[in-house]
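Read off the chains here:
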Amino acid sequence: MPKKNTAILSLAIVCFTLIVALALVRNDLCEVEYRNGTALFKAVLAYEVRD
């Protein structure tokens, strides 16, 4: 069982590190853009705040 917990903790640390690195580099985490020559792929996360 300790190996399973170590794997989960390692995965959590990697994910957290990626999110922090992206937050430092990018202005907006809700938009991802990929360009390949003339093709453009853009994914935008839309959300609405509810009261």
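Everything below is about the structure printed above this text.
Residues numbered from 1 in each chain as written. Predicted model: local features only at pLDDT ≥ 70, side-chain atom pairs only at ≥ 80, totals over all residues. Heavy atoms only, no water.

Caption draft 1: Fine view of the pattern of salt bridges. Across all of its chains, the model carries two salt bridges by this definition. When the shortest N-O distance is used, the salt bridge between Arg 35 and Glu 33 registers 2.8 Å. The partly exposed category is assigned to Glu 33, whose relative accessible area is 33%. Residues Glu 33 and Lys 42 are paired through a salt bridge, measuring 4.0 Å at the closest nitrogen-oxygen approach. Several salt bridges share partner residues, and in doing so they unite Glu 33, Arg 35 and Lys 42 into one network. (Salt bridge = Lys/Arg side-chain N within 4 Å of Asp/Glu carboxyl O. Buried < 20%, exposed > 50% of the residue type's maximum accessible area, 1.4 Å probe, protein only.)

Caption draft 2: Quick look at a nonpolar patch on the surface. Taken together, the side chains of Phe 16, Val 20, Leu 24 and Val 25 define a hydrophobic patch exposed on the protein surface, amounting to about 470 Å² of accessible area. In this fold, Val 20 is placed in helix H1 (residues 2-25). Residue class for Val 20 comes out partly exposed when judged on its relative accessible area of 35%. (Patch = residues over 30% accessible without salt bridge, like charges linked within 9 Å, V, L, I, M, F, W, Y side chains within 5 Å. Areas by Shrake-Rupley, 256 points an atom, 1.4 Å probe, with all protein chains shown as cover. Helix = DSSP H or I, 4+ residues; strand = E, 2+ residues; numbered from the N terminus.)

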